[in-house]
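# Inside the fold
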Amino acid sequence: MSADPTSLPSAPLALAEEARAGARGRPGLLAPPGLGLGVPRGLLRGFMGLVGRWAFDPAVPFEAQRRRLALAGRSLPRPRGLGVVGEVVGGVPTERLWLTRRRAADPAVTLVHFHGGGYCVGGPFVARAFVGHVLLGASRPVEALLPAYRLAPEAPFPAALEDALAVLDAVAEQGPVVVSGDSAGAGLALAATLARRDAGASLPAAVVLHCPWLDLGADLGVAGGGRRDEDPALVARDVVLSPAWLATCAEAYCGGRSPLDPAVSPLHADLRGLPPLLVQVAGDDLLHPDGRRLAVAAEQAGVPCQLSVAVGLWHDFGMQAGLLAAGTRAAKQAAAFLSGALMAPGTS
Amino acid sequence: MVEGLGSAEWDVAIIGAGFGGLGLAARLLDAGRERFVVLEAGQDIGGTWRDNTYPGAACDVPSHLYSYSFFPATWPRRFAGQPEILAYLRRLADAYGLWPRIRLGADVVRLDFDETSCTWQVGLASGETLRAKVVVSAVGQLQRPRVPALPGLESFSGPSWHSARWRHDVDLRGLRVGVVGTGASAIQFVPEVAKVAAQTVVFQRSAPYVVPKVDRAYRPAELALVRRVPVLRQLDRARVYLYGESLGLGLVRSRAWLAVLTWLWRRWMWSQVPDPALRDACTPDSVMGCKRILFSNDWYRTLRREDVVLVTEAVAEVLPGGVRTTSGREVALDALIFGTGFETTDFLSTIEVSGRGGRRLAEHWAAGPRTHLGLASSGFPNLFFLYGPNTNLGSNSILFMLEGQIAHVLGALATMEAAGLPALEVRPEVEAEFMAWVEAQSRRTAWTSGCRSWYTTAEGRNTHNWPSFTFLYRLQADRFDPLAYRAVLPRVPAPVA
């Protein structure tokens, strides 16, 4: 049974999900689930286009980009009842997120989420809303750690990977661990999981990759895959990212290392032995080929992998969870996936 | 260009050429998608409206609403009869050129999902196998007639038949006719039968709520006006829709509103039936709406006729010359008609469906059907249901729901094309969440108030009806949400280590 890479979550999961939803039941609600409220998609798309072009502008220094992104990112609404505290985990400054009403519950699962930002900008604030909605949707208590790993160009590869591994080492003994990441953070999450596999260390029960950036070779014009700007229609549809910005970030992060090194571009790694993956890609995202190529490679390597393609949405739309109905649903999907993997035999 | 119907490779295979199948076929053509085939088990199109030809057969939703918004028609009366509705479907098929795309006599018996190619293998009763990327089941909910297994039925000396297989060759004039059942079909044909038969005996298991049907033929001036000012048809459509939703409010939500409706019904029934004994026999023992509410102006009037007898006992046994009821009373009859409805709780049971990983639909649905919005079931990629579980209505037009389901299927096709994916499958947690909502929502509806009806399973689970407002269904079904689905990629054979 376990050999089936596309195997469905088992019936007990479905039933448990149902019982949970039923118990929480809001029988007063006439609207079926899935009819989420949010800012109209077109409006948010326009806004994200403005923010994206302004914050991810390769013509301005990274320092300025970071300030701009922080300004935009802090305006994101966070779910109510979400506790946030800064702490140092494994020597890395980290943000801890938890649901305040669940604090006293039994030992929680730890979710380590790596934020996006091209390895050069951003911080845990980018992913607070997304991770908060994942915690809300999970069927058992989860606490999240969002490491503020070191950024390029000041600290190029392997600084970020070292920080990621330091955090994962520190939490490995504290109970079940799941890992997620968005954009560059998703690449980091996958690279760190691969490094732990190679080292023979314990692996997370599941990995969620939201709009992952996995092949820096495509941005630097190195053979081994497609080029980032090969589809002009896709370049035009992507309102957030530009090939030029991705290229500057990739160059800064690589710091002279080959972008085809699997530790930099985990798409080039041997994936065998990885835990179940959920790959969420957006249709109007320059990076969506990376996630889809990963899903195909995972299938060939016998790694259970679920691919979800959000047609008509932009890069990192999940980070607008709470504001955008589709973003909330992406977080909910991630939560259901992680909960299901934690319920599978062999993890506790 | 129309492909030869002999082709074995299709983008979309539609099972059933009734309202759903023909509507989807028309919308596929509108969307420029031509590589589809409609597989119809019977020898003609029309589905329900082909099978139910009994006298008086008509729709109980006004035709301005019981017709596709994308194919408006001029109707001779408010509630069109079966011949006019079947003619409408034929006009639809003519106008869109659907005939060359329909395979009659193609009875689908098997569906197997092939994981290496991400296509469905569609097995026909003839042994032939077709391939389709997407399969849409439009087989409906009311297709297989249900005749109770009464002892001695085969010994009956006269003709006997089910209302959906009407014997037009039998002349009922001067005969003593027995009718078993007082459901939606019986309510329509009994008044017609009573007009010609010498005596009509109606065997009623439980009394239905029958409410007046404000039906009449349109005057020529009205028809001319609507032709001149088509927006009037839209306005009437909206009016009927709102009327249906207000009735729906009583069924799914407001017991107080339902009580008002029940009081109005009682007042009307009493005005129709002066005899206290008959009033008692016509008073249902369940909450209004728990079973299907029926529309007829002449039902109660027919029961008052001298030559019509209402028997409130069940038939225990069929004798060669009549029937014997549970109390031992014998009734002599020359013909016996079953208005006993259809096999309804086993959705899609005539087709053996095997999905991803060999998962069988019958097993997945063992405890009742499990779907997302009645449209798709997890484990069965690229298989969609029109008029599927939990999309029936107690108070509005099914075609309103069908249009949302058709839009959903078109959205899925467009999504797969845009994303370059071979198959999509609804996520199990999305399905679980929907089922939990249906369960919770159904608890307050009239359908689960404790009667026995075809809306629910033996355990009282609502498997048929949409437990909310219909526009809320459309809001979700019309717009295909890719996040409710996961991509299914072709399986590669396991690498040799």
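From a predicted model like this one, the values you see are computed outputs, not experimental measurements. (Residues numbered from 1 in each chain as written. Chains lettered and ligands numbered in written order. Predicted model: local features only at pLDDT ≥ 70, side-chain atom pairs only at ≥ 80, totals over all residues. Heavy atoms only, no water.)

A tally of helices and strands in chain A yields ten helices and eight strands. If you sum the accessible surface of chain A, you get close to 12900 Å²; carbon and sulfur atoms cover 59% of it. (Helix = DSSP H or I, 4+ residues; strand = E, 2+ residues; numbered from the N terminus. Areas by Shrake-Rupley, 256 points an atom, 1.4 Å probe, with all protein chains shown as cover.)

The next subject is the overall build of chain B. Counting its regular elements, chain B contains 13 helices and 20 strands. The globule rule puts the C-alpha radius of gyration for 497 residues at 23 Å, and the 24 Å found for chain B is close to it. Each of the three principal axes of chain B carries a C-alpha extent, and together these read 80 × 55 × 45 Å. Expressed as a percentage of the 497 residues in chain B, the buried residues total 59%. Total accessible area computed for chain B in this model is approximately 19400 Å², and 55% of it derives from carbon and sulfur atoms. Across chain B, the mean location of the 54 positive side-chain charges is 5 Å away from that of the 48 negative side-chain charges. (Rg over C-alpha atoms; globule rule 2.2 N^0.38 Å. Buried < 20%, exposed > 50% of the residue type's maximum accessible area, 1.4 Å probe, protein only. Lys, Arg positive; Asp, Glu negative; His and termini not counted. Charge placed at Lys NZ, Arg CZ, Asp CG, Glu CD.)

This next bit is on the state of the cysteines. By the definition in use, this model includes one disulfide over all chains. Between the sulfur of B:C290 and that of B:C451 lies a disulfide, 2.0 Å long from S to S. In this structure the cystine formed by B:C290 and B:C451 twists about its S-S bond by roughly -95°; its chirality is therefore left-handed. On the criterion of sequence distance, the pair formed by B:C290 in the loop between α8 (276-281) and β11 (294-295) and B:C451 in the loop between α12 (428-442) and α13 (470-477) is long-range, its members being 161 residues apart. Look at B:C290 and you get buried, because its relative accessible area is 0%. Here A:C249 stays unpaired: no disulfide links it, and the sulfur of A:C120, its closest cysteine neighbor, is 4.2 Å away. With a relative accessible area of 0%, A:C249 lands in the buried category. (Disulfide = S-S within 2.5 Å.)

This next bit is on the sheet that holds strand β14 (residues 322-325) of chain B. All names here are of chain B. Taking strand neighbours across the sheet as the criterion, the three strands line up as β13-β14-β15 in an open arrangement whose pairing is antiparallel. If you trace the sheet from one side to the other, it starts and ends with β13 (315-319) and β15 (330-332), each paired once. Strand after strand, the sheet turns through a mean of 25° between neighbouring axes, direction not considered. Relative to β15, β14 runs antiparallel, the two sharing three bridges. (Pairing = 2+ DSSP bridges. Axes fitted to C-alpha atoms, helices over the stretch in contact; angles between N-to-C directions.)

It is common to give the size of an interface as the accessible area that goes away when the parts come together. All names here are of chain B. For chain B, the assigned domains read domain 1 (9-144 + 346-488) and domain 2 (145-208 + 292-341). The distance between the C-alpha centroids of domain 1 and domain 2 comes to 32 Å. At the junction of the two partners, domain 1 supplies 15 residues and domain 2 supplies 16 residues. In total, domain 1 and domain 2 occlude about 1400 Å² of area from one another, counting both sides; carbon and sulfur atoms represent 46% of this. For domain 1, the biggest contributors to the area lost against domain 2 are Y54, P55 and D60; these three give 41% of the whole. Counting the contacts that link domain 1 with domain 2 gives two salt bridges. (Domains from an automatic or database assignment. Contact = heavy atoms within 4.5 Å. Buried area = accessible area lost by both parts, 1.4 Å probe. Salt bridge = Lys/Arg side-chain N within 4 Å of Asp/Glu carboxyl O.)

What follows concerns the environment of B:L247. Residues and elements named next belong to chain B. In this structure, L247 sits in helix α6 (residues 231-252). For L247, a relative accessible area of 11% gives the class buried. Separated by 33 residues in the primary sequence, L247 and D280 place their C-alpha atoms 25 Å from one another. L247 has contacts with W257, L261, F295 and S395, leaving out every residue within four places of it along the chain.

Before going further, it helps to examine the packing of aromatic side chains. Working definition: an aromatic ring pair is given by the centre-to-centre distance plus the angle between the planes. All names here are of chain B. One pass over the full model with this rule turns up 31 aromatic pairs over all chains. Plain terms: the ring middles of Y54 and F189 are 5.6 Å apart, the flat faces sit at 65° to each other, and that makes the pair edge-to-face. With Y54 in the loop between α2 (48-51) and α3 (82-96) and F189 in helix α4 (residues 184-196), the pair connects residues that are 135 residues apart, well separated along the chain. Per residue, the accessibility class of Y54 equals that of F189, and both read buried. With a centroid separation of 4.7 Å and an interplanar angle of 40°, the aromatic rings of Y241 and F400 are classed as tilted. In this pair, Y241 is assigned in helix α6 and F400 in helix α11 (residues 398-419), connecting sequence segments 159 residues apart. Assessed through its relative accessible area of 16%, F400 is described here as buried. (Phe/Tyr/Trp six-rings, centres within 6.5 Å; stacked < 30°, edge-to-face > 60°.)

Glancing now at the sheet that holds strand β16 (residues 335-338) of chain B. Residues and elements named next belong to chain B. Read from one edge to the other, the open sheet built from five strands follows the order β7-β16-β8-β9-β12, with strand pairing classed as parallel. If you trace the sheet from one side to the other, it starts and ends with β7 (160-162) and β12 (308-311), each paired once. Neighbour-to-neighbour, the strand axes of the sheet open up by a mean angle of 15°, direction not taken into account.

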